[in-house]
Amino acid sequence: MSQSQPRDEKNLNKVDPNWRSDALNLDLDYGMQTIAVRAGQHRTDEGEHSEAIFTTSSYVYESAADAAAHFNGDKTGNVYSRHTNPSVRTFERRLAALENGERAVATASGMGAILTMCLAYLKAGDHLLAANQLFGSSIGLFNNYMAKFGVEVSYVDCFDNEAWANAVQPNTKVIYCESPSNPLAQICDIGYLSQLCKANDILLVVDNCFATPALQRPLDLGADVVIHSATKYLDGQGRVLGGALVGSDTLMQEAFTVVRSGGISMSPFNAWVFTKGLETLKLRMQAHCQNANQVAEFLVNHPNVSTVHFSGLSDHPAHELATRQHHMKGGYGAIMGFEVKSSAGADSSKRDSKAAAWHVIDSTQMVSITNNLGDAKTTITHPATTTHFRLSAEARAEAGVNDSLIRLSVGLEDVEDIIKDLARGLDSL
Ligand SMILES: *Cc1c(COP(=O)(O)O)cnc(C)c1O
């Protein structure tokens, strides 16, 4: 480790005095939607109204002495955009305020945030206890890479509180879950997990990608760190990749040094897109959720659908928990899984589960066949042969991904059109 590094870390932990004018004074106790529109903006002397994009890799100093002061810790301020950048910081400050966290650290992608979490909080010999229903790449990262570096990994059913408690080991350092989960929209009891973690000196890390702070704030429920794939709803229009961690100053400083050292940093342009995305997050999530609730009603009543995985349905086992955990009334997210029946009468041909699922997907005319989610455009995927294809058959089964499962990310089109498009394949099964 170089001599300058510890000083540099101390330096960057402080609020940058170059940040002369946070456009919103958070001490004045503003509401969440005001924060979403205005928090964290650094307005320059040009007086720009909209947030500027700082496309610069480095920063100039007034003199050799000024440069030295930036490096030896006497002065704070930007040094290099792998470390800090004003556009990235605006996004971090706005997201931290929305999640009720002290600080956020932005990353190049959601997976970058999850890798940062692993590198910051785990070491060889530690145990990572994760929910068995996770984004496919998260499972791949844990099984293929964390295991390679000596981290023990095991999984439990995310909805089974007893299973979580039984799986805790003396070396368990992190409990990791998504709520709602991908692709079955399962719900974890974050308050319960928080108590379990506190009693056993474990960090609780919650991937809040599907809910977003518009629906759920895991830190308020007792989580230590929130993970985001900003690629999804924070952008909301499928344009750029990014991620973030949110939590206490201390935990974020550890994450920050990983990002800086490993170069997992977010680009200023992407940060700007996400900053603007946050302004409309709540409005978009309200509309997404309303559409999703109607689509789920349609699916659950369709004769060729055997199961709908969506906590917004009143008979879903986690419906009550989701209602309690989500602060947006009637908001259960807009991602759902549904399973189609493997054969039905219509054209008298027998289809196996995969063929039936593919028929429904291929019969759409408007909905996009793509693995992205959290987009204004409705998207449809067959997880078993795409997002979860790389997992072993066993891991896939454990994640509840079978051949008849379709994942739907309900977008912002007219809901009648989404339903009509899904009906094409379902009616003709
Ligand atoms: C997409 C996603 C990720 C990974 O994010 P990227 O931005 O694609 O790297 C992590 N968690 C969940 C729940 C996701 O949906």
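Residues numbered from 1 in each chain as written. Predicted model: local features only at pLDDT ≥ 70, side-chain atom pairs only at ≥ 80, totals over all residues.

Quick notes on the domain arrangement of the chain
Basically, it comes down to this: Domain ranges listed in this record stem from an automatic or a database domain assignment. Whether two residues are in contact is decided by their C-beta atoms, placed from the backbone, lying within 7 Å. For the purposes of this entry, the term helix denotes a DSSP run of H or I that reaches at least four residues, the term strand denotes a run of E that reaches at least two, and both are numbered from the N terminus. Put simply, Ala, Val, Leu, Ile, Met, Phe, Trp, Tyr, Cys and Pro go in the nonpolar bin, Asp, Glu, Lys and Arg in the charged bin, and everything else, Gly too, in the polar bin.
Structurally, the chain comprises domain 1 (4-279) and domain 2 (282-427). One C-alpha centre belongs to domain 1, the other to domain 2, and the line joining them spans 29 Å. With 30 residues of domain 1 in contact, the opposing surface of domain 2 contributes 37 residues. Of all the elements in the fold, those that place two or more residues in the side of domain 1 that touches domain 2 are helix H2 (32-38), helix H6 (136-146) and helix H9 (212-215). Classifying every residue of the side of domain 1 that touches domain 2 gives 17 nonpolar, eleven polar and two charged.

Section: helix H4 (residues 86-98)
Note the following rule: In a helix, the anticipated span is given by 1.5 Å times the number of residues less one. Burial is judged by counting other C-beta atoms within 10 Å of a residue's own C-beta: 20 or more means buried, 12 or fewer means exposed, and anything between counts as partly exposed, with every C-beta placed from the backbone.
Compared with an ideal rise of 1.5 Å per residue, which puts 13 residues at 18 Å, H4 spans 18 Å between its outermost C-alpha atoms and is within 8% of the ideal. For H4, the tally of buried residues reaches 13 of 13 residues, placing the bulk of the element in the interior. Two residues or fewer after H4 comes Asn100, characterised by a positive phi angle close to 60°.

So, the pairing of strand E6 (residues 225-229)
Both faces of the sheet carry side chains from a regular strand, because those side chains alternate between them. Which entries qualify depends on this criterion: In this description, strands pair whenever DSSP reports at least two bridges between them.
Summarising burial for E6: five of the five residues are buried, a large majority. Residues of E6 alternate between two faces, with Val225, Ile227 and Ser229 on one and Val226 and His228 on the opposite face, all of them buried. Examined bridge by bridge, strand E5 (residues 203-207) and E6 share three bridges and lie parallel to one another. Residue Asp207 lies in a different strand from E6, and its bridge partner there is Ile227. Bridging between E6 and strand E7 (residues 243-247) involves five bridges; their strand directions are antiparallel. Each residue of the ladder has a partner; that of Val225, found in E7, is Gly247.

Digging into the packing of H4 against helix H11 (residues 268-279)
To keep things clear, this is the line we draw: Comment: axis = line fitted to C-alpha atoms, over the contacting stretch for helices; angle = value between 0 and 180 degrees taken between N-to-C directions. A crossing counts as left-handed when the near helix is turned anticlockwise from the far one by less than a right angle, and as right-handed when that turn is clockwise.
Two numbers describe how H4 lies on H11: the axes approach to 8 Å, and their chain directions differ by 35°. In the crossing of H4 with H11, the sense of the turn from one axis to the other is left-handed. Residue-level inspection shows Ser87, Val88, Thr90, Phe91, Arg94, Leu95 and Leu98 of H4 in contact with H11, the latter providing Pro268, Ala271, Trp272, Phe274, Thr275 and Leu278. A class-by-class count of the residues in the contact of H4 with H11 yields nine nonpolar, three polar and one charged.

Focus: H6
All of the buried residues along H6 are Gly136, Ser138, Ile139, Phe142 and Met146. Looking at the buried side of H6, the elements it contacts are helix H5 (110-121), strand E2 (127-131), strand E3 (152-156) and helix H15 (393-398).

Thoughts on the site of the ligand
Put simply, the test is: By definition, a residue lies near a molecule or strand when the C-beta atom built from its backbone is within 6 Å of it.
Around the ligand sit 15 residues, and of these Ser109, Gly110, Met111, Ser229 and Thr231 come closest. Of all the secondary structure elements, the ones that give two or more residues to the shell around the ligand are H5 and H6. Its residues assigned to classes, the shell around the ligand shows four nonpolar, eight polar and three charged.

Some remarks on the pairing of strand E1 (residues 103-107)
With respect to burial, E1 is a largely interior element, five of its five residues being buried. Sheet topology note: the E1/E7 ladder contains five bridges and is antiparallel. Opposite Ala106, over in E7, you have Ala244 as the bridge partner.

What about the sheet that holds E7?
A sheet is described by the order of its strands in space; here seven strands give the open sequence E1-E7-E6-E5-E4-E2-E3, paired in mixed fashion. Strands with a single pairing partner mark the edges of an open sheet, and in this sheet they are E1 and E3. Strand-to-strand, the axes of this sheet are offset by a mean angle of 20°, without reference to chain direction. For E2 and strand E4 (residues 172-178), the ladder comprises four bridges, and the chain directions are parallel. The partner of Ala130 across the bridge, within E4, is Tyr176. Strand contacts of H4: E1 and E7, with the helix running at about 130° to E1, the strand carrying the most contacts. Strand contacts of helix H10 (residues 249-262): E1, E6 and E7, with the helix running at about 20° to E1, the strand carrying the most contacts.

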